[in-house]
Amino acid sequence: MKNILEISNVSKSYDGFKLDNLNLNLPYGCIMGVIGENGAGKSTTIKLILDLIHKDSGSIKIFGKDYKSITKIEKEEIGVVLDGSHLPEKLNLKEIKSVMKNIYRTWDDEIFDTYINKFSLPGKKIIQEYSKGMKMKLSIAIALSHNPTLLILDEATGGLDPVVRDEILDVFWDFVQDENHSVLISSHILSDLEKICDYISFIHKGKLIFCESKEILSEKYGLLKCSEEDLKYLDKQDIISYRRNQFSVEALVIKDKIPKELIIDNATVEDIMLYHVREGV
């Protein structure tokens, strides 16, 4: 399977933080979710991909080419939506469309109008009068209207109500039905990513903890509920971490290493992330 994005051994240091030796591969036709706590390195990763900040080491390839050598036309194949509105607040939709037509060679009025109608965005209001959800919908409509093949989103669903989020997730899902398209999305709302993502990458304190398909994560990890005594007989290498309840212990474990007589429940992406963050076993 060919990759639309390849990040190899990329590092970036700031005072008090280091993104350390990051490796990610996003195949064509897939959605990858990037998860992690605040300050873990998610936004730094996206800024590096977009060449908004400079890496210290490693390589980044987009469309099979070094990211610094892609042409202006190839850059138009990358749709970007960042957290918060970065649109001219005093313009209305007609004026926004006029501006974008002069920015993007590949701009398509018909696609833009389709998304504006789909999202029920008011044409006469200026952007300043839009709600946060409306502004995000508009940003997504713009990103999709210059015919990208790679869509990169940083916290695009944060702060939106569940109905709006679900509507936007459907758009991303439809986008990758063309197997030449891919999406990289960071989000704190892990249930959203669980709905649509093919791959999940977890960054913790600047280090990549895992980058796996959602199916493999589901097969690999489970939640074990047992007694303290049962836990003592398990190999520590098979326990990611655990927490004590009043009458039992709950642990994230490697499923196929646990005795069959013990009951293991399915683990969500959120469970997997939170237990990895817990220090020690």
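Predicted model only: the values in this text are computed from it and were never measured.

Q: Honestly, the overall build of the chain in this entry has me stumped. Any pointers?
A: A count of helical and extended segments in the chain gives 10 helices and 14 strands. With the C-alpha coordinates of the chain rotated into their principal frame, the extents come out at 70 × 40 × 40 Å. A sequence separation of at least 24 residues applies to 68% of the contacts in the chain between residues at least 6 apart. When the accessible area of the chain is evaluated, it comes to approximately 14,200 Å², of which 48% is carbon and sulfur surface. Each charge sign in the chain was given a centre, from 37 positive and 45 negative side chains, and these centres are 5 Å apart.

Q: Would you explain the domain arrangement of the chain in this entry?
A: Interfaces are frequently sized by the accessible area removed from exposure as the parts join. Each assigned domain of the chain is listed with its residue range as follows: domain 1 (3–205) and domain 2 (217–277). If you average the C-alpha positions of domain 1 and of domain 2, the two centres end up 35 Å apart. Listed by partner, the interface residues are 8 residues for domain 1 and 7 residues for domain 2. With both chains or domains summed, domain 1 and domain 2 bury close to 700 Å², and 83% of this area falls on carbon and sulfur atoms. It is Leu190, Glu194 and Phe202 that lose the most area in domain 1 upon contact with domain 2, and together they represent 60% of the buried surface on that side. Joining domain 1 to domain 2, the criterion identifies 0 salt bridges. Taken together, the connections running from domain 1 to domain 2 amount to 1 residue pair in polar contact (both at pLDDT 80 or more).

Q: Is there a simple way to think about the packing of aromatic side chains in this case?
A: Aromatic ring pairs are defined here through the distance separating the ring centres and the angle between the ring planes. By the definition in use, this model includes 6 aromatic pairs. Plain terms: the ring middles of tryptophan 107 and phenylalanine 112 are 5.1 Å apart, the flat faces sit at 50° to each other, and that makes the pair tilted. The pair formed by tryptophan 107 and phenylalanine 112 is uniform in burial state, with each residue classed as buried. Three or more aromatic residues joined by ring pairs form one cluster here, namely Tyr104, Trp107 and Phe112.

Q: How should I be thinking about helix H5 (residues 132–144) in this particular structure?
A: One turn of the α-helix equals 3.6 residues, which is why residues spaced by three or four share an orientation. Over its 13 residues, H5 runs 19 Å from end to end, which matches the ideal 18 Å to within 8%, given 1.5 Å per residue. The element H5 is extensively covered by neighbouring structure, given that 11 of its 13 residues are classed as buried. Of the positions making up H5, those classed as buried are Gly133, Lys135, Met136, Lys137, Leu138, Ser139, Ile140, Ala141, Ile142, Ala143 and Leu144. Buried residues along H5 sit in contact with strand E6 (78–81), helix H3 (93–103), helix H4 (109–118), strand E7 (150–154) and helix H6 (162–175).

Q: Just to check I follow, could you spell out the sheet that holds strand E9 (residues 199–204) for this structure?
A: By way of backbone hydrogen bonds, the strands of a sheet pair with one another, either parallel or antiparallel. Spatially, E6-E7-E8-E3-E9-E10 is the arrangement adopted by the 6 strands of the open sheet, whose pairing is mixed. If you trace the sheet from one side to the other, it starts and ends with E6 and strand E10 (207–213), each paired once. For this sheet, the mean angle separating the axes of adjacent strands, direction not counted, is 15°. By the bridge criterion, 6 bridges tie E9 to E10 in an arrangement that is antiparallel. Bridge pairing in E10 links isoleucine 200 to glutamate 212. Along the sheet, H5 contacts E6 and E7; its crossing angle with E6, the most-contacted strand, is approximately 170°. Packed onto the sheet, H6 meets strand E3 (31–35), E7 and strand E8 (182–186) and runs at close to 145° relative to E8.

Q: Just to check I follow, could you spell out the packing of H4 against H5 for this structure?
A: Axes are the key here: two packed helices are described by the angle between their axes and the distance separating the axes. Relative to each other, H4 and H5 sit at 155°, their axes nearing to 9 Å. In terms of axis orientation, H4 runs roughly antiparallel to H5. As for the relative orientation of H4 and H5, their crossing is right-handed in sense. Within the contact between the two elements, H4 uses Ile111, Phe112, Tyr115 and Ile116 and H5 uses Leu138, Ala141, Ile142 and Leu144.

Q: I tried to follow the nonpolar core on my own but got confused; where do I start?
A: Inside soluble globular proteins, nonpolar side chains tend to come together where they are buried. Counting residues in hydrophobic clusters, the biggest one holds 52 residues, and the most contacted among them are Phe112, Leu138, Ile140, Leu153 and Phe172. The element best represented in this core is H5, accounting for 7 residues. Looking at which domains feed residues into this core, each of domain 1 (3–205) and domain 2 (217–277) supplies at least three. For leucine 138, the residues in contact, after removing those within four places along its chain, are Leu87, Leu93, Phe112, Ile116, Leu121, Ile127 and Tyr130. Counting 27 residues, the second-largest nonpolar core is a separate cluster that includes Ala40, Ile46, Ile53 and Ile152.

Q: How should the environment of glutamate 167 be read in this particular structure?
A: Counting through the fold element by element, glutamate 167 comes out in helix H6. Leave out the neighbours within four places in its chain, and glutamate 167 touches Lys118, Phe119 and Lys137. Side-chain polar atoms of glutamate 167 contact the side chain of lysine 137, separated by 3.2 Å.

Conventions and cut-offs
- Residues numbered from 1 in each chain as written.
- Predicted model: local features only at pLDDT ≥ 70, side-chain atom pairs only at ≥ 80, totals over all residues.
- Heavy atoms only, no water.
- Helix = DSSP H or I, 4+ residues; strand = E, 2+ residues; numbered from the N terminus.
- Contact = heavy atoms within 4.5 Å.
- Areas by Shrake-Rupley, 256 points an atom, 1.4 Å probe, with all protein chains shown as cover.
- Lys, Arg positive; Asp, Glu negative; His and termini not counted.
- Charge placed at Lys NZ, Arg CZ, Asp CG, Glu CD.
- Domains from an automatic or database assignment.
- Buried area = accessible area lost by both parts, 1.4 Å probe.
- Salt bridge = Lys/Arg side-chain N within 4 Å of Asp/Glu carboxyl O.
- Polar contact = N/O pair within 3.5 Å; in protein donor to acceptor, adjacent residues only side chain to side chain.
- Phe/Tyr/Trp six-rings, centres within 6.5 Å; stacked < 30°, edge-to-face > 60°.
- Buried < 20%, exposed > 50% of the residue type's maximum accessible area, 1.4 Å probe, protein only.
- Expected span 1.5 Å × (residues − 1).
- Pairing = 2+ DSSP bridges.
- Axes fitted to C-alpha atoms, helices over the stretch in contact; angles between N-to-C directions.
- Parallel < 35°, antiparallel > 145°, perpendicular 65-115°, else oblique.
- Left-handed = near helix turned anticlockwise from the far one by under 90°.
- Core = buried A, V, L, I, M, F, W, Y, C linked by side-chain atoms within 4.5 Å.

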